[in-house]
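# Remarks on the overall topology
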Amino acid sequence: MTLLWLRGLVARRGPRLLAAAVATATAVALIAALGAFLASSKATMTRQAVAGVATDQQVLVTPGNDPTAVAASVAAEPGTRAAVPVGYARSDGLSATTGGSTQTTGAATVLGLPDGYATLFPGAVRPLAGPTLADGAAPALPADGALVAQQTASNLHAAPGDTVLLTRTGLPPIPVRVTGVVDLPQANSLFQTVGAPAGAQPTAPPDNVVLLPATAWHAAFDELAGSRPDLVATQVHVQRDRVLPADPAAAYTTESSAAHHLSAQLAGRGTVSDNLAAALDGARQDSLYAQLLFLFLGSPGVVLAGLVTAAVAGVGADRRRAEQALLRARGATEPLLLRLAAVEALLVGVTGAVLGLGVGALVGWGAFGSASFGATAGTALAIGGLAAFVGLAIALATVLLPARRDLRQSRVLGGVPAARRDRRPLWWRIGLDVWLLVGAAAVYSVTSAAGYSLVLAPEGVASISVNYWAFTGPALLWTGCGLLAWRLADLLLRRGGPLLTRAFRPLAGALAGTIATTLGRQRGVVTRTAVLLGVALAFAVSTATFNATYATQAEADARLTNGADVTVTLGTATTLPPTSVAQLAAIPGVRHLDVLQHRYAYIGTDLQDLYGVDPATIGRSAGLQDSYVSGGTVSQLMAQLGATPDAVLVSAETVKDYQLRPGDPLTLRLRDGTTQTLKDVRFRYAGIIKEFPTAPKDSFFVANQAYVRQQTGNAAVGAYLLDTGRGDVGPVAARARDLVGSTARVSDIATTRTAVGSSLTAVDLAGLTRVELGFAAPFVAAGGGLLLALGLAERRRTFAIAAALGATRRQLAGFVWGEAAVVLACGVVTGGVLGTLLSLMLVKVLTGVFDPPPAALTVPGAYLALTGVLALAALLLAALATVRLSHRPPLSALRDL
């Protein structure tokens, strides 16, 4: 009996079963794709966090202990690959005589590095100039030479071959020969205060650094260590084997536990600073945001796939009840009927699971070049199993449960429901849709309040808390808007007969009223199709808008850090000749060159950064946004800086501390370029600046550079900003490096985007975008065209009877086009409104993902237009196919039915 029933289902109800299986397959494929992408993303975050660390651990040797013995103890720890002592010494200053003049600097830090240090810790020292650095080789440290940091070389005007004098407290100075100029990309961690409490303000790295071979360092500073031990210290730099779990949170726990074990072993002999765990600490928070993105953006798609499957299964509900009644009349028992329904559900679920896993693998190959999206085989299998289980659950819930409900609520005679009443559902009567929207608004108000954070990750604390309560906002909005759309569409079809009649008259002529009445009687099926189309469009709109907004702000974050597409940063005592500036501006691909001053200004006793800009041009190269300022738009405030030379933009913290009001005078002390003394310069407060390229996160000023130059007599430039018009920055940056050599630092936005962006950014959210938006298209097609086609196919008897009664082809087509028009209109309105509201809520709830927060949504017009065309095309194809079927002879159609 079961096999016969299964064969009959495939033969007679094949298209409907296939449609349900495809809807289930979409859910399975989406879960498999997003799950594998999430697992792969977490593993990538861990790899990138680890790759960005040059020195995994730094152990400060307690004075009085033998550094060699401490290094041996560290090397004996499980997972340690290398542990070498590095000397740190403070010099009172440096001096060098070059080009007939003598330059001096303030205090300097001198490092003593063992042989092979740059090889053991790749990335800690980057060569810039010197005969020993050919072909990018690791910096060599000859016994009689030294390497100097780029800023130090700039301050001393020193180059390879010059001699630098190191001064030592209470001891004679010693000369060293410069053999190369290097950059220290990991300066912040290299010169950190080891043992500082979590959350303490980081110590800025020194401006002047000299690297000596270990033997030369000991010869120079061992005597100083005896007389002034406070000026000399030794650290043990550690390289770990980095065998860590793929998940950043688990990797952080593993690495921090190893550091705690080392601290216990070195009790009293050394203090441990775990740079590797600090990097993983940030990555674990980003991995949680990736997981939240998966839930916020992916779970609606899974629910939508379930709703489409339920709708497909529900299209044949009347026919299924009639079949159940016929079988019961012929002696079928309730367990047998349930078993037959279970067979149908399993057929849909298994077929959908197989198809879905196959589609997920194809999506992985197409989008990422790997069927597993880069995840391990075990992880991919586990996620695939979970996706298949969810697919089976969707099939059972949407096919078996309704069949069981129909059995309980129907009689044998014709399968007519025992108590069929045309009454509105409970949610309609109690106004559940309105209450849900009120709840969504309440959650939105809380999550948009100042100080709200979705993810709380206290620095140095292993546990991270996630406020999953925030999920209720989008969930309430989804459900409330869907029910409200159902209510409005039902009211239109129930009571909007006169309006629909006038709208359908051009299509159906005298049958317009009949069509309107028919739609009113079939409003359940029509409303369901329209609402599902609207929800599918909302999924596409919200996902595309969120991802486009994220991509825009990730670019803004990189631009804030780098300053422009390509930035040439000068040292404090470095200037470029006019010819070099002209050559920079003439580099092919450079559209505009802007000058950025950098000064330090005192307001009261506080020292802050001051940036001098050309108000007329800075917006083009720096990409300023209105969200960076308060008190007006960027254009308005820059125009005010240009029109009022002494105007200044001030950080919000300073405005609050000094109770400033627009127009208030403000006196800052800047260093005079001639006398090198501090000079009072009068400004006028014009507005608040919250973000500015290359500026720190806390307090700073932005002023008119012409006024700053006039008042201080100092025309020194801090950086040159090169605008490439969003073109390829690689060749421009390479040409700029050739022009300036080691006298300035050249950075480009592409490198900065990867280096300073969160690991979530580095994973490239575009991959998630391709997956989600790729699935949004079939959701739209299924939500509109598929359901419309199935619904119309179920009403072929109505068309055949109307044709037998004399309805013309045009009038029959009016039935189809009228329903398609109602579905399209209601779906587009629902999708547009719900998609916009969801986009706003998602951006606000997930505000921690954005840095800086967006001032407005970025609307992907091309994708949304393509989605609209797809929805229209699906409805047109479904309607055309139905119109073609309605042309069959009525008796032939009735005989087949």
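What comes next is a walk through the structure. In this text the structure is predicted, and so the values were computed from the model without any measurement.

A grouping of Asp 606, Glu 653, Asp 657 and Asp 698 is seen on the molecular surface, where their side chains present a negatively charged patch. With respect to the helices, strands and loops of the structure, Asp 657 is situated in helix α22 (residues 652-657).

In this section: unusual backbone geometry. Despite not being glycine, His 157 has its phi angle at roughly 55 degrees, a positive value. With respect to the helices and strands, the residue His 157 is situated in the loop between α5 (150-156) and β8 (163-168). On the basis of relative accessible area, His 157 is assigned to the partly exposed category, the value being 43%. Positive phi, normally seen in glycine, also occurs at Arg 242, with a value near 60 degrees. Locating Arg 242 in the fold gives a position in the loop between β11 (232-240) and α8 (248-265). Judged by its relative accessible area of 25%, Arg 242 falls in the partly exposed class.

Assignment of secondary structure puts Glu 334 in helix α11 (residues 334-368). Separated by 70 residues in sequence, Glu 334 and Arg 404 place their C-alpha atoms 8.9 Å apart. Beyond its immediate chain neighbours, meaning those up to four positions away, Glu 334 contacts Leu 407 and Arg 408.

This part is about the packing of aromatic side chains. Enumeration according to the criterion identifies 7 aromatic pairs in this entry. On the numbers, 5.8 Å between centres and 50 degrees between planes, the contact of Trp 427 with Trp 428 is tilted. The same class applies to Trp 427 as to Trp 428, namely buried. Summarising the aromatic geometry, the rings of Phe 683 and Tyr 707 are spaced 5.3 Å apart at their centres and angled 75 degrees between planes, so their arrangement reads as edge-to-face. Within this pair, whereas Phe 683 is found in strand β21 (residues 678-689), its partner Tyr 707 is found in helix α23 (residues 705-712), the two being separated by 24 residues in sequence. Accessibility classification places Phe 683 together with Tyr 707 in one group, the buried group. Grouped by ring-pair contacts, the aromatic residues Tyr 611, Phe 692 and Phe 700 constitute a single cluster. Taking NZ or CZ as reference, Arg 487 lies 4.8 Å from the ring centre of Trp 428, over its face.

A few words now on the packing of helix α15 (residues 472-495) against helix α18 (residues 523-562). The contact between α15 and α18 brings their axes to 9 Å, and the two run at 140 degrees. In this structure, α15 crosses over α18, and the sense of that crossing is right-handed. Residues Trp 478, Gly 482, Ala 485, Trp 486, Ala 489, Asp 490, Leu 493 and Arg 494 of α15 form the contact with α18, whose participating residues are Arg 523, Gly 524, Val 526, Thr 527, Arg 528, Val 531, Val 535, Ala 538 and Phe 539. Partitioned by chemical class, the residues of the contact of α15 with α18 number 10 nonpolar, 3 polar and 4 charged.

Turning to the environment of Asn 275, a few remarks are in order. The topology assignment puts Asn 275 in helix α9 (residues 275-315). Here the alpha-carbon distance between Asn 275 and Asp 56, two residues 219 residues apart in the chain, equals 5.2 Å. Each residue touching Asn 275, except ones within four places of it in the same chain, is listed here: Val 53, Thr 55, Asp 56, Gln 57, Gln 58, Ser 189 and Gln 192. A distance of 2.8 Å separates a polar atom in the side chain of Asn 275 from the backbone oxygen of Thr 55.

Another aspect to go through is the environment of Ser 699. Here Ser 699 is to be found in the loop between β21 and β22 (700-704). With relative accessibility at 11%, the residue Ser 699 sits in the buried group. Each C-alpha atom, one on Ser 699 and one on Leu 607, is 9.1 Å from the other, the two residues being 92 residues apart in sequence. Excluding residues that lie within four positions of it along the chain, Ser 699 makes contacts with Gln 608, Asp 609, Ser 651, Glu 653 and Thr 654. Side-chain polar atoms of Ser 699 contact the side chain of Ser 651, separated by 3.5 Å.

Conventions and cut-offs
Residues numbered from 1 in each chain as written. Predicted model: local features only at pLDDT ≥ 70, side-chain atom pairs only at ≥ 80, totals over all residues. Heavy atoms only, no water. Patch = residues over 30% accessible without salt bridge, like charges linked within 9 Å, V, L, I, M, F, W, Y side chains within 5 Å. Areas by Shrake-Rupley, 256 points an atom, 1.4 Å probe, with all protein chains shown as cover. Salt bridge = Lys/Arg side-chain N within 4 Å of Asp/Glu carboxyl O. Lys, Arg positive; Asp, Glu negative; His and termini not counted. Charge placed at Lys NZ, Arg CZ, Asp CG, Glu CD. Helix = DSSP H or I, 4+ residues; strand = E, 2+ residues; numbered from the N terminus. Buried < 20%, exposed > 50% of the residue type's maximum accessible area, 1.4 Å probe, protein only. Contact = heavy atoms within 4.5 Å. Phe/Tyr/Trp six-rings, centres within 6.5 Å; stacked < 30°, edge-to-face > 60°. Lys NZ or Arg CZ within 6 Å of the ring centre and 35° of its normal. Axes fitted to C-alpha atoms, helices over the stretch in contact; angles between N-to-C directions. Left-handed = near helix turned anticlockwise from the far one by under 90°. Nonpolar A, V, L, I, M, F, W, Y, C, P; charged D, E, K, R; others polar. Polar contact = N/O pair within 3.5 Å; in protein donor to acceptor, adjacent residues only side chain to side chain.

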